[in-house]
Amino acid sequence: MRPLNSTAWAALALLAVAAAPVTPGAPPPGAASGAAGAGLRLEVDERGKLSRSIAAVTSDGAAGGKLTVHKPAGATVRRAFMAIASTGYTGTPLTDPITVDGKQVAMMNEVATGIGSYNYFTEITDLVRTKIDKAPAGGVSFVVAEPQPDLVDGEIVVVILNDPAVRADRSVSILYGATGPAGDEYQVSLAAPIDKSDPDTRLELSLGISYSFQSGGARQDSTVEVDGKRLTGTAGGADDGAPHDGALITAGGEGDSADHELYDLKPFVADGDRSIAVRTANPSHDDNLLLATLTTSPPVTGVTTGSGTGTAYVGVGDSATTGFSIPACQEDRVAAAYGCVGDPPVMPYPERIAKADGRYADEHRAVIWGYTLHEAVADANAGSNAKGSWTPQLLQAEHATRLVTVSLGAEDMRWSDVTYWFAQCAAFASASSGAEPSCQDVARKRAESMRPEVRAMMSRLDVAKRNGATVAIVQYYNPYNTSDCTPLSAIEQIVTGQLNRVLGEEAAKHGFLVVPPAPKFAGHGAGAKDSYVFGSDCDVAGVPSAAAFNLGWPPSFDTPTGRAFDPYPNDKGAQAQADQILGRLHAGVDK
């Protein structure tokens, strides 16, 4: 049977669209994605006194579309390239060539994407050099025509120019391909340390994206991180095309700025650095990020690209996952990624998991001292942390491909505010059975008030699950679980019980793994001979006095006897957390 050519496929595509209209840039009903892209790879790396012009275009009719590049005064073309993106879910390679001013472009370097489309990358220097070199400074326009416009989202052109106005060496590096299933990583090495005060320093990233739509409530976004900090969460759209399939194209070029896919990296790097880590991802897995162009001075000496597999393991959490104790934490969320300055006295459980099991050795810890579930959800929705420039925890979790562990919710529950719960449950703590329902009711009401944000967190974690990661919701232990802490232990059992109930119920709805550390901590609370927490005593007589000192948590009562309440896990506690999580994973739940 003779295969269909592009013209026949275009007719079929039009029939499919007419029969079942869908949101632009979204999979048609019943569509299945193909094998995911293998990631972007370095294709071009030019160095010298260079500038570059980047432009994108789509052709909605036989007459073609106008693509305009910018020529600086006296500049001449060194090299020029075109990237072409076919329309998502059309499912066939292109056979009829694109033309530039009537001249055919060779359809080379074909790459299959994960959304039923194909990308192409071709050098077009001979097609554009003469016209650009002869033109005066300013815009130079070309007509780009697509024989079957419905089969092609658009084209992106990068022109590298020898520019007499450029004083210092620059490099223009082009990465091409199809974004990996959980994103791509680039380690960019520079020829000299970054000096942001130098007027010649230029650190610029341009992205080329197709089959993305951002209008009418549709949010098909790609994310970019630079050195672990969120650069943008809204890359994409049809800024250089039109709002329908067959015209969804955007690229960062002249006149563009964030968020039109052209980004200045200088605010996100430090003076003295000689490398930059860039990570891109598309959480919805239905956009096509096909091109990244780096223009840098100092010049690039090498670009190492990741495998497109993301980070195997991301650990998300609050104070109980940082490894710090109360006295050891000098809190500063702006200066310190984990919310405490310096190194923790204890290795936290995410790092223990990574060391114990090679499947999770590629680990990234995204934890913050005192962080609440409310903050985690709000920061993820905002795309940046309210304090500090670090990428929000739940957005970092989107990159996980093997495991996510989550310990959030204790601070929202006021788990750390012993004076509050002692006041709520004092009668019950004094063995008055009639007060027990009241204590339970207060704890239940508070836990239920958290449920909407617990649900929002779980929905965000679904992205990691779609990557193939196991999502483990780590419940909370009772830090006073010892016979010496009977009143506080009974109160805390109610508090953690209600919190763990809500976490467990919502995790089950998403098919997440629930890990209860309580069995490991039984009998090892504050004051125990073999304590798993930093706290060394739990004399309930001191609790009321804590309010007078206005210490909040912990009620380390500053009395001459040196009593110390600190619920966070010590070395044995962190190991118990890790052992409990690994035990659940090794029980056959993990893939």
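Right, let's walk through the structure included here. Per chain, residues are indexed from 1 in the order of the written sequence. Confidence filtering applies because this is a predicted model: local features only for residues at pLDDT of at least 70, side-chain atom pairs given and counted only at 80 or more, and all residues used for totals across whole chains, interfaces and linings. With hydrogens and water excluded, all non-hydrogen atoms of the structure serve as input to the side-chain values.

1. Regarding the pattern of salt bridges
We count a salt bridge whenever a side-chain nitrogen from Lys or Arg sits within 4 Å of a carboxyl oxygen from Asp or Glu. Overall, the coordinates contain 24 salt bridges when judged by the stated rule. Here Lys131 and Asp101 are joined by a salt bridge, their closest N and O atoms 2.9 Å apart. Of the two residues, Lys131 sits in helix H2 (residues 125-134) while Asp101 sits in the loop between strand E5 (99-100) and strand E6 (103-104), which places them 30 residues apart along the sequence. Throughout this description, buried means an accessible area under 20% of the type-specific maximum (1.4 Å probe, protein chains only), exposed means over 50%, and partly exposed covers the range between. Residue classification places Lys131 among the partly exposed positions, given a relative accessible area of 37%. In this structure Asp101 comes out as partly exposed when scored by relative accessible area, which is 34%. In this structure, Asp200 and Arg167 form a salt bridge, with 2.8 Å as the shortest nitrogen-oxygen distance. Separated by 33 residues along the polypeptide, Asp200 in the loop between strand E12 (184-190) and strand E13 (202-210) and Arg167 in the loop between strand E10 (152-162) and strand E11 (170-178) bring together distant segments of the chain. For Arg167, a relative accessible area of 58% translates into the label exposed. Helix and strand definitions follow DSSP, with helices as H or I runs of at least four residues and strands as E runs of at least two, each counted in order from the N terminus.

2. Side note on the state of the cysteines
What counts as a disulfide here is a pair of cysteine sulfur atoms lying within 2.5 Å. Throughout the structure, instances matching the rule amount to one disulfide. Across a sulfur-sulfur distance of 1.9 Å, Cys329 and Cys340 are joined as a disulfide pair. Taking the torsion about the S-S bond as the criterion, the Cys329 to Cys340 disulfide, at about -85°, is left-handed. Note that Cys329 is positioned in the loop between strand E21 (311-317) and helix H3 (349-356) and Cys340 in the loop between E21 and H3, a separation of 11 residues in sequence.

3. Quick look at unusual backbone geometry
Pro298 follows Ser297 through a cis peptide bond whose omega is 15°. Within the fold, Pro298 resides in the loop between strand E19 (288-297) and strand E20 (300-305). The phi dihedral of Tyr89 falls on the positive side, at around 65°, and the residue is not glycine. Tracing the chain through its elements places Tyr89 in the loop between strand E4 (76-86) and E5. The exposure class assigned to Tyr89 is buried, which follows from its relative accessible area of 16%. The phi dihedral of Asn109 falls on the positive side, at around 55°, and the residue is not glycine. By relative accessible area, which is 41% here, Asn109 ends up partly exposed.

4. A look at the packing of aromatic side chains
By convention, a stacked pair of Phe, Tyr or Trp rings (six-membered ring in the case of Trp) has centres within 6.5 Å and planes under 30 degrees apart, an edge-to-face pair has planes over 60 apart, and any other such pair is tilted. Applying the stated criterion across every chain yields a total of 10 aromatic pairs. Relative to Tyr476, the ring of Trp415 has its centre 5.7 Å away and its plane inclined at 50°; by these criteria the two rings are tilted. Pair noted here: Trp415 is in the loop between strand E23 (400-407) and helix H6 (418-429) and Tyr476 is in the loop between strand E24 (470-474) and helix H8 (486-509), with a separation of 61 residues, a long-range link. The burial state of Trp415 is the same as that of Tyr476; both residues are buried. Pairing Phe521 with Tyr532 gives two aromatic rings, centres 5.6 Å apart and planes at 80°, and the pair type is edge-to-face. Separated by 11 residues along the polypeptide, Phe521 in helix H9 (residues 518-521) and Tyr532 in the loop between H9 and helix H10 (543-549) bring together distant segments of the chain. Of the two residues, Phe521 and Tyr532, neither departs from the other in class, the shared state being buried. Every member of this aromatic cluster is reached through a ring pair, and the members are Trp369, Trp415, Tyr476, Tyr477, Phe521, Tyr532 and Tyr568. The cationic tip of Lys131 hangs over the ring face of Phe142; the distance from NZ or CZ to the ring centre is 4.7 Å. Charge over a ring is defined by NZ of Lys or CZ of Arg lying within 6 Å of the ring centre and within 35 degrees of the ring normal.

5. Quick look at the sheet that holds strand E9 (residues 138-145)
Being paired, for any two strands, means DSSP has found at least two bridges between them. Read from one edge to the other, the open sheet built from four strands follows the order E3-E9-E5-E6, with strand pairing classed as antiparallel. Among the strands making up the open sheet, the edge pair consists of strand E3 (65-71) and E6. Both E3 and E9 contribute to a ladder of seven bridges, which runs antiparallel. Within E9, the residue paired with Gly65 across the bridge is Val144. Note on contacts: a residue pair qualifies if any of its non-hydrogen atoms lie within 4.5 Å across the two residues. All axes are obtained by fitting lines to C-alpha atoms, using only the stretch in contact for helices, and the reported angles, taken between N-to-C directions, cover 0 to 180 degrees. Each of E3, E5, E6 and E9 is contacted by H2, which is oriented at about 150° to E9, the strand it contacts most.

It is worth stressing that arrangement in space is one thing and function is another; only the former is reported here.
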